[in-house]
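Now for the letters of each chain:
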Amino acid sequence: MVDKTSGVPVHRQVAADLRERITTGEYAPGDKLPSERAMIETYGVSRLTIREALGILRAEGVVVTEHGRGVFVRPPASIQRLSRSRLSRAARAENKGAFLADAAAQGFTPSSSVRVRFEPADERAAGHLGIQPGDEVTVRDRVMRADGLVVQLAVSRLPRTFTRGTAIEEVDTGPGGAYARLEEAGHTIGHYAEHVGSRMPTPEEASALQLGQGIPVITVTRVAYREDGTPLEMNDMVLPADRYELSYEWAAE
């Protein structure tokens, strides 16, 4: 299967063969690759060579490793993020706001993990939220998945003066999410502003999103404002550029 006299590094030959098997459909999206032991026997190479080959495929975004389960062919995940009614009260009432709306429209199974913490606002957060640096903010740090694949990192910061005593400080905010809880507390949302950019991911982001080498991320910072213009929340989102399409619609006036 490999030619040790060809001059091509053996681990690259193994990677090329696995890539070809994936491309031709022998290993379909979501399939588990053979174990390291099986590949060692198939290719007649060392464990280190197999791991180097799989490292190439991971860097290319072809496969993903699930701890304790093995190596899988990355399933396709192309998500259209339609900015039309995703944040509407009607969508929240149906528990289909934001990411859940994307899931409902495109048929993937959404899931997320949430961590809640409290911290002093840095200058950037303070500027967006209209508070003083050092003021306490509630942080909701989320990892969001589509059919088990991580597709978005999102970190919301809210002045704690608005969240204290509400479910926003709990992992599960309840139906309609944090925005519904804000409005129940008397903070009616008047409008949102989104700022979209792009950059290369940090090592931590690349690892969490299982990005191939050289793939950038889309950044979206959304600020939610009360009807009187008071900022209520700043949400920093990081999206893999190879899995997202951002679509915007608005009425002509």
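Per an unreviewed UniProt entry, the chain goes by the name Transcriptional regulator and belongs to Saccharomonospora cyanea NA-134.

A few words now on the overall build of the chain. From N to C terminus, the chain includes nine helices and ten strands. Looking at the 253 residues of the chain, the share that counts as buried comes to 45%. Intrachain contacts of the chain at a sequence separation of at least 6 include 60% that bridge at least 24 residues. As displayed, the chain has an accessible area near 13200 Å², and 50% of this comes from carbon and sulfur atoms.

Spatially, six strands are ordered S4-S5-S6-S9-S8-S7 in an open sheet, and the strand pairing comes out antiparallel. Two strands lie at the open edges of the sheet, namely strand S4 (110-120) and strand S7 (189-199), each paired on one side alone. Between one strand axis and the next, the sheet turns through 15° on average, direction left out of account. Pairing analysis gives eleven bridges linking S4 to strand S5 (residues 136-146), with the strands arranged antiparallel. Bridge assignment links Ser111 to a residue of S5, and that residue is Arg145. Seen against the sheet, helix H8 (residues 177-184) touches strand S6 (149-159), S7, strand S8 (217-226) and strand S9 (231-240) and runs at an angle of roughly 150° to S7.

Moving on to the nonpolar core. By size, the foremost hydrophobic cluster in this structure holds 19 residues, and its most contacted members are Val14, Leu18, Leu33, Tyr43, Ile50, Leu54 and Val63. Looking at this core, the elements with two or more residues in it are helix H1 (10-23), helix H2 (36-43), helix H3 (47-59) and strand S2 (70-73). A total of five residues in this core trace back to one element, the largest contributor, which is H3. Beyond its immediate chain neighbours, meaning those up to four positions away, Val14 contacts Val2, Tyr43, Thr49, Ile50 and Ala53. Formed by 13 residues, the second largest nonpolar core is a distinct cluster that contains Ile79, Phe99, Ala154 and Ile218.

Inspection of every chain in the model, using the stated rule, returns one aromatic pair. Between the aromatic rings of Tyr179 and Tyr192, the centroid separation amounts to 5.5 Å while the plane-to-plane angle is 50°, which identifies the pairing as tilted. With Tyr179 in helix H8 and Tyr192 in strand S7, this pair connects stretches of sequence that are 13 residues apart. The lysine or arginine in question, Arg160, covers the ring of Phe118, its NZ or CZ lying 3.9 Å from the ring centre.

What counts as what
- Residues numbered from 1 in each chain as written.
- Predicted model: local features only at pLDDT ≥ 70, side-chain atom pairs only at ≥ 80, totals over all residues.
- Heavy atoms only, no water.
- Helix = DSSP H or I, 4+ residues; strand = E, 2+ residues; numbered from the N terminus.
- Buried < 20%, exposed > 50% of the residue type's maximum accessible area, 1.4 Å probe, protein only.
- Contact = heavy atoms within 4.5 Å.
- Areas by Shrake-Rupley, 256 points an atom, 1.4 Å probe, with all protein chains shown as cover.
- Pairing = 2+ DSSP bridges.
- Axes fitted to C-alpha atoms, helices over the stretch in contact; angles between N-to-C directions.
- Core = buried A, V, L, I, M, F, W, Y, C linked by side-chain atoms within 4.5 Å.
- Phe/Tyr/Trp six-rings, centres within 6.5 Å; stacked < 30°, edge-to-face > 60°.
- Lys NZ or Arg CZ within 6 Å of the ring centre and 35° of its normal.

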